[in-house]
Amino acid sequence: MATYKFPQFNVEIVNPTIEVVTIHDTIATKTCSVDMLLSTPQANFGVTLDGFTYVSDWSDSEVQVWALVELQKYEV
């Protein structure tokens, strides 16, 4: 169970359900951004995480693991 705080929201998101919604692949730069949905009984919050890089290809599970690690930066 974690609590998250993002600069674009004036609220702490407590114990959300986390879902990867969309992975945006920029093939030219071999980078991805990830749209995530953090859901609580009170509200849903959409965030985009940038910075996933790869050499030749990627798998959904690699991106999901990266996104969960990135979310730790926003834990309070």
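Look a little higher up for the structure.
Residues numbered from 1 in each chain as written. Predicted model: local features only at pLDDT ≥ 70, side-chain atom pairs only at ≥ 80, totals over all residues. Heavy atoms only, no water.

### Considerations on the pattern of salt bridges
Item 1. Under the criterion given, the structure shown has one salt bridge.
Item 2. A salt bridge links Lys73 to Glu70; the shortest N-O distance between them is 3.1 Å. (Salt bridge = Lys/Arg side-chain N within 4 Å of Asp/Glu carboxyl O.)

### Some thoughts on the nonpolar core
Where a protein is soluble and globular, its nonpolar side chains tend to be buried together.
Item 1. Counting residues in hydrophobic clusters, the biggest one holds 18 residues, and the most contacted among them are Tyr4, Phe6, Ile13, Met36 and Leu38.
Item 2. Contributing elements (two or more residues each) for this core: strand 4 (31–39), strand 5 (44–53) and helix 1 (60–71). (Core = buried A, V, L, I, M, F, W, Y, C linked by side-chain atoms within 4.5 Å. Buried < 20%, exposed > 50% of the residue type's maximum accessible area, 1.4 Å probe, protein only. Helix = DSSP H or I, 4+ residues; strand = E, 2+ residues; numbered from the N terminus.)

### Some words on the pairing of strand 4
Along a regular strand, successive side chains alternate from one face of the sheet to the other.
Item 1. Where strand 3 (residues 17–26) and strand 4 come together, nine bridges link them in antiparallel fashion. Across the sheet, His24 pairs through a bridge with Ser33, a residue of strand 4.
Item 2. Where strand 3 folds back onto strand 4 in an antiparallel hairpin, the turn is made up of four residues, including Lys30, whose phi is positive at roughly 50°.
Item 3. Of the strand pairs in this sheet, strand 4 and strand 5 are connected by nine bridges, and their pairing is antiparallel. Bridging across to strand 5, Thr31 finds its partner in Thr53.
Item 4. Hairpin connection between strand 4 and strand 5: a loop of four residues separates the two successive antiparallel strands. (Pairing = 2+ DSSP bridges.)

### Looking at the sheet that holds strand 5
Where strands meet in a sheet, backbone hydrogen bonds hold them as pairs that are either parallel or antiparallel.
Item 1. Pairing is antiparallel in the open sheet, where three strands are placed in the order 3-4-5. Each edge of the open sheet is held by one strand with a lone partner, namely strand 3 and strand 5. Strand after strand, the sheet turns through a mean of 20° between neighbouring axes, direction not considered.
Item 2. Across the face of the sheet, helix 1 comes into contact with strand 3, strand 4 and strand 5 while running at roughly 110° to strand 5. (Axes fitted to C-alpha atoms, helices over the stretch in contact; angles between N-to-C directions. Contact = heavy atoms within 4.5 Å.)

### Notes on helix 1
Two residues of an α-helix separated by three or four positions point the same way, owing to the 3.6 residues in each turn.
Item 1. If you check helix 1, its first and last C-alpha atoms are 16 Å apart, about what twelve residues at 1.5 Å a residue would give, namely 16 Å.
Item 2. When we look at burial in helix 1, the residues that qualify are Val63, Trp66, Ala67, Glu70 and Leu71. Viewed end-on, helix 1 has its buried residues packed into an arc of 135°, placing them on one side of the element. (Expected span 1.5 Å × (residues − 1). Arc of directions from axis to C-beta.)

### Some remarks on the packing of aromatic side chains
Item 1. Within this structure, the stated rule accounts for five aromatic pairs.
Item 2. On the basis of an interplanar angle of 25° and a centroid distance of 6.5 Å, the ring pair of Tyr4 and Phe6 is categorised as stacked. The two residues Tyr4 and Phe6 agree in class, both being buried.
Item 3. An angle of 70° between the planes, with centres 5.1 Å apart, marks the rings of Phe9 and Phe45 as edge-to-face. Of this pair, Phe9 sits in the loop between strand 1 (3–5) and strand 2 (12–14) while Phe45 sits in strand 5, and the two are 36 residues apart along the sequence.
Item 4. In this structure an aromatic cluster arises from ring pairing among Tyr4, Phe6, Phe9, Phe45 and Tyr74. (Phe/Tyr/Trp six-rings, centres within 6.5 Å; stacked < 30°, edge-to-face > 60°.)

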